[in-house]
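Analysis of the macromolecular model
So you can see what is in the structure, the chains are spelled out below.
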Amino acid sequence: MARLGSWIEPHPHGIYVPAADAWIDPSQPVPRALVTHGHADHARGGHGAVLATPETLAIMATRYGPQSGQSVSYGETIGLGDVSVRFVPAGHVLGSAQIVLEHRGERIVVSGDYKRRADPTCAPFEPVPCDIFVTEATFGLPVFRHPDTGAEVDRLLEALHANPDRCVLVGAYALGKAQRLIAELRLRGHDDPIYIHGAMERLCALYQELGVDLGQLVSATAASKDQLKGRILMCPPGALNDRWSRRLPDPITAMASGWMRVRQRARQRNVELPLVVSDHADWDELTATVKELAPQELWVTHGREEALVHWCMTRQIKAKALALVGYEDEDD
């Protein structure tokens, strides 16, 4: 009898499905790539053909230029060789998908990156029972338990209202995190213009084109100090302490990331207001997802693999780390 999942092949630069002649999130150009979402460590340019959700293809086109390939909507099933392929929501960022593969009577779900928290900018994670669940483990340690997102956004607004002569400069990943924070602020009644760094303009505009209402966004480049007092600004994490930020009116430096749970990371970036807001599942959500899906095996692609593999083994769930390369922690 063939080993469970013997029809897919993990390689350091991605997962290959020979029966479909396709790679999942490959870290180097390939003839056919199935892409889970638009972050640069999963979606790279140069592939012969890309299969992804319409939103992910639009994000890739914005970043790399038009993509040759095929859009696959959530719930749509396509055949690649002898493999049935379906994309279902992963809840990570706009267009993010888990890839459901069925072949030889087995079902394998490759999750990409995912979260279980509500997010006003993307479809929620859809649990799919399976024989093998291929998971990330970015925050795969028991110390990582993310607080309530709304409470963290409220802290941001409290800092803004308490300091009307300053601005709040928030470092946030340009794809997904920035738009999510803006949408969360709008849900809490913050209707003022939000100023954004030039590096965020294209992706924010794309989100709006794809139906995500972000309210009034203004380029921060030409704004005066007086205009920026009492305002929220968004920038990529790398711009928090560079020359661009030095012209701002006494900014309260904030950063939105699951890594802000680690005080040393906040200190290293000179962050005055750490906001623990993550687009990845935390430890409790990772383990709860495994319990919910009840796979025969768990394969871990990247992150803190050892703790999650050990947790599985103590519960008689077969688990292994795939040791893929090229997947980064991002600034989450």
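Residues numbered from 1 in each chain as written. Predicted model: local features only at pLDDT ≥ 70, side-chain atom pairs only at ≥ 80, totals over all residues. Heavy atoms only, no water.

A few words on the overall build of the protein. Per the secondary structure count, the protein includes eight helices and 19 strands. The C-alpha radius of gyration of the protein comes to 20 Å, within 12% of the 20 Å expected for a compact globule of 332 residues. Each of the three principal axes of the protein carries a C-alpha extent, and together these read 70 × 45 × 30 Å. In the protein, which comprises 332 residues, the proportion classed as buried is 57%. Within the structure as shown, the protein displays about 13100 Å² of accessible surface, and the carbon and sulfur contribution to it stands at 48%. (Helix = DSSP H or I, 4+ residues; strand = E, 2+ residues; numbered from the N terminus. Rg over C-alpha atoms; globule rule 2.2 N^0.38 Å. Buried < 20%, exposed > 50% of the residue type's maximum accessible area, 1.4 Å probe, protein only. Areas by Shrake-Rupley, 256 points an atom, 1.4 Å probe, with all protein chains shown as cover.)

So, about the packing of aromatic side chains. Per the counting criterion, the structure on display carries six aromatic pairs. Ring centres 4.9 Å apart and planes at 70° place the aromatic pair F139 and F144 in the edge-to-face group. One exposure class covers both F139 and F144, and it is buried. Taken together, Y114, F125 and F133 form an aromatic cluster joined through their ring pairs. When the ring centre of W259 is taken as origin, the NZ or CZ atom of R265, which lies over that ring, is 4.0 Å away. The cationic tip of K320 hangs over the ring face of W299; the distance from NZ or CZ to the ring centre is 4.3 Å. (Phe/Tyr/Trp six-rings, centres within 6.5 Å; stacked < 30°, edge-to-face > 60°. Lys NZ or Arg CZ within 6 Å of the ring centre and 35° of its normal.)

Turning next to the state of the cysteines. Counting across every chain of the model gives zero disulfides. With no disulfide of its own, C167 has C235 as its nearest cysteine by sulfur position, at a separation of 9.9 Å. Here C312 stays free of any disulfide, with the sulfur of C130 as its closest cysteine sulfur at 12 Å. Residue class for C312 comes out buried when judged on its relative accessible area of 0%. (Disulfide = S-S within 2.5 Å.)

Another point: helix α1 (residues 54-64). Where α1 is concerned, the buried positions are T56, L57, I59 and M60. Summarising the axial view, the buried residues of α1 lie within an arc of 160°, below the 170-degree limit, and thus occupy one face. Of the surrounding elements, those touching the buried residues of α1 are β5 (49-52), β6 (69-71) and α4 (201-209). At the exit of α1 stands G65, carrying a positive phi of roughly 100°. (Arc of directions from axis to C-beta. Contact = heavy atoms within 4.5 Å.)

Glancing now at the sheet that holds strand β12 (residues 168-171). Read across the open sheet, the six strands follow the order β14-β13-β15-β12-β16-β17; overall the sheet is parallel. Among the strands making up the open sheet, the edge pair consists of β14 (217-219) and β17 (273-275). Direction aside, the axes of adjacent strands within the sheet are offset by 25° on average. Where strand β13 (residues 194-196) lies against strand β15 (residues 232-235), two bridges are found, and the strand directions are parallel. Bridge pairing links Y195 to L233 in β15. Across the face of the sheet, helix α3 (residues 177-187) comes into contact with β12, β13, β14, β15 and β16 (252-256) while running at roughly 160° to β15. (Pairing = 2+ DSSP bridges. Axes fitted to C-alpha atoms, helices over the stretch in contact; angles between N-to-C directions.)

Turning our attention to the side chain of S278. Inspection of the secondary structure puts S278 in the loop between β17 and α7 (283-293). Leave out the neighbours within four places in its chain, and S278 touches K115, F139, H146, K177, R180, G258 and D332.

Moving on: the pattern of salt bridges. Applying the stated criterion across every chain, the model contains 17 salt bridges. Residue R116 pairs with E292 through a salt bridge whose shortest N-O separation is 3.2 Å. Taken as a pair, R116 in the loop between β10 (106-110) and β11 (132-137) and E292 in helix α7 lie far apart in primary sequence, 176 residues in all. Residue classification places R116 among the partly exposed positions, given a relative accessible area of 30%. (Salt bridge = Lys/Arg side-chain N within 4 Å of Asp/Glu carboxyl O.)

Once that is clear, we can look at the sheet that holds strand β2 (residues 14-17). Taken in spatial order, the six strands of this open sheet run β1-β2-β3-β4-β5-β6, and their pairing is mixed. Both outer strands of the open sheet, β1 (9-11) and β6, are each paired with one neighbouring strand and no more. Pairwise comparison of adjacent strand axes, ignoring direction, gives a mean angle of 25° for this sheet. Of the pairings in the sheet, the one linking strand β3 (residues 22-24) to strand β4 (residues 32-34) comprises two bridges and is parallel in character. By the bridge assignment, I24 is partnered in β4 with L34. Set on the sheet, α1 makes contact with β5 and β6; between it and β5 the angle comes to about 135°.

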